[in-house]
Amino acid sequence: MLPVVALVGRPNVGKSTLFNRLTRTRDALVADFPGLTRDRKYGQANYDGYQFIVIDTAGVHGDEEGIDKEMASQSLRAIDEADVVLFMVDARDGITSADLGIAKHLRSIGKKAYIVANKIDGIDAEAAQADFYELGLGEVYGIAAAHGRGVESLLHRCFTPL
Ligand code: GDP
Ligand code: MG
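All values derive from a computational prediction rather than experimental measurement. Positions within a chain are numbered from 1, following the residues in the order the chain's sequence is written. Each chain takes a letter, starting from A, and each ligand takes a number, starting from 1, following the order in which they are written. Per-residue local features of the predicted model are confined to residues with pLDDT of at least 70, and side-chain atom pairs are confined, for both listing and counting, to 80 or more; whole-chain, interface and lining totals are unaffected and use all residues.

Draft legend 1. Layout of unusual backbone geometry. The backbone phi angle of N12 is positive, close to 80°, even though this residue is not glycine. Only DSSP runs of H or I reaching four residues or more are called helices, and only runs of E reaching two or more are called strands; each is numbered from the N terminus. If you trace the backbone, N12 turns up in the loop between β1 (4-8) and α1 (15-23). If you check the backbone angles, K119 has positive phi at about 75° while not being a glycine. By the element assignment, K119 lies in the loop between β5 (113-118) and α5 (125-130).

Draft legend 2. Structural context of the site of ligand 1. For ligand 1, the set of nearby residues contains 15 residues, the closest of which are G14, K15, S16, T17 and A146. At 3 residues, the largest contribution of residues to the shell around ligand 1 is made by α1. In this count, Pro and Cys sit with the nonpolar residues alongside Ala, Val, Leu, Ile, Met, Phe, Trp and Tyr, while Asp, Glu, Lys and Arg are called charged and the others, Gly among them, polar. In terms of residue class, the shell around ligand 1 is built from 5 nonpolar, 7 polar and 3 charged. As used in this record, a residue near a molecule or strand is one whose C-beta atom, placed from the backbone, is within 6 Å of it.

Draft legend 3. Highlighting helix α4 (residues 97-109). Every helix has an expected span of 1.5 Å times one less than the residues it contains. Compared with the 18 Å implied by 1.5 Å per residue over 13 residues, the 19 Å span of α4 between its first and last C-alpha is a close match. Listed as buried for α4 are A98, D99, I102, A103, H105 and L106. Burial along α4 is one-sided: seen end-on, the buried residues are contained in an arc of 160°. For α4, exposure combined with an orientation more than 90 degrees from the buried face picks out S97 and S108. G110 sits one or two positions beyond α4 and adopts a positive phi of about 70°. With C-beta atoms placed from the backbone, the exposure class of a residue follows from how many other C-beta atoms lie within 10 Å of its own: 20 or more, buried; 12 or fewer, exposed; in between, partly exposed. Think of the arc as the fan of directions from the helix axis to the C-beta atoms.

Draft legend 4. Here's a closer look at the sheet that holds strand β6 (residues 140-142). Strands were regarded as paired on the criterion that DSSP finds at least two bridges between them. Taken in spatial order, the 6 strands make up an open sheet running β2-β3-β1-β4-β5-β6, and their pairing is mixed. Every interior strand has two partners, whereas the edge strands, β2 (41-47) and β6, have only one. Across the sheet, the mean angle from the axis of one strand to that of its neighbour is 30°, orientation sign disregarded. Pairing of β5 with β6, which is carried by 3 bridges, proceeds in the parallel orientation. Axes here refer to lines fitted to C-alpha atoms; in helices the fit is confined to the stretch in contact. Angles between the N-to-C directions go from 0 to 180 degrees.

Draft legend 5. How the structure looks around the nonpolar core. We call a set of buried Ala, Val, Leu, Ile, Met, Phe, Trp, Tyr and Cys residues a nonpolar core when their C-beta atoms link them within 7 Å. Membership of the largest hydrophobic core comes to 41 residues, with the highest contact counts inside it found for A6, F87 and A117. Residue pairs qualify as contacts under a 7 Å threshold applied to their C-beta atoms, which are placed from the backbone. Contact partners of F87, with chain neighbours within four places excluded, come to V8, G9, I102, L106, A113, Y114, I115, V116 and L137.

Draft legend 6. Examining the pairing of β1 more closely. Counting buried positions over the 5 residues of β1 gives 5, a clear majority of the element. Side-chain alternation along β1 places V4, A6 and V8 on one buried face and V5 and L7 on a second face that is also buried. In the sheet, β1 pairs with strand β3 (residues 50-56) via 4 bridges, with the strands oriented parallel. Considered in β3, the bridge of V5 is made with V54.

Draft legend 7. Up close: the confidence of the model for the protein. Scored by pLDDT, the protein comes out at a mean of 84, with 80% of its residues at no less than 70. Looking over the protein, one finds the lowest element-wise mean pLDDT in helix α2 (residues 67-72), namely 51, and the highest in β6, namely 98. For residues 28-38, every residue scores under 50 in pLDDT, and the model assigns this stretch 14 contacts once sequence neighbours within four places are set aside. Contacts for the low-pLDDT stretch residues 59-64, under 50 throughout, to residues beyond four places or in other chains number 16 contacts. Both scores are given for the predicted complex: the pTM is 0.88, the ipTM 0.99. You can read pLDDT as the predictor saying how much it trusts each residue, on a scale of 0 to 100.

This is the structure we're talking about:
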């Protein structure tokens, strides 16, 4: 069984953009993976020599007050199914209340999560990334999912300890 990587985060941070890059497709590659339910978008990634299943949590919607409701649905189940959680945030927006809610949940379950600050293209990446250490999940990895910057080193970091 391939390792499972879940992309979680509030809407518009770039989860689907990263999913498409990792799976090199515009559409979901939905397949039968034993033990995984079908109401989230699954793809098989073969990227930089790493093979894994990636889950795009397309169902995380709603206003930023509704964290519990958001987290109660698809993203919670995706986190459950995952070996590795990529918690995506928007490097241009800084920390939002939705980010805080997701971080709190991830800290409480103790599953390994990597903070991925997306959209570092065209900004001062280091300064932008620095904000997200406050989420209390350790290292912050800057990427530009739309262009691929930082993606290889992120995967290298995620998979080296497995
Ligand atoms: P999702 O809601 O988390 O799945 O986010 P999407 O993947 O749909 O992306 C939301 C918006 O962010 C889209 O307009 C993307 O083009 C844009 N976006 C995604 N990745 C990047 C990036 O690396 N840099 C920039 N500048 N924009 C990005
Ligand atoms: Mg999406």
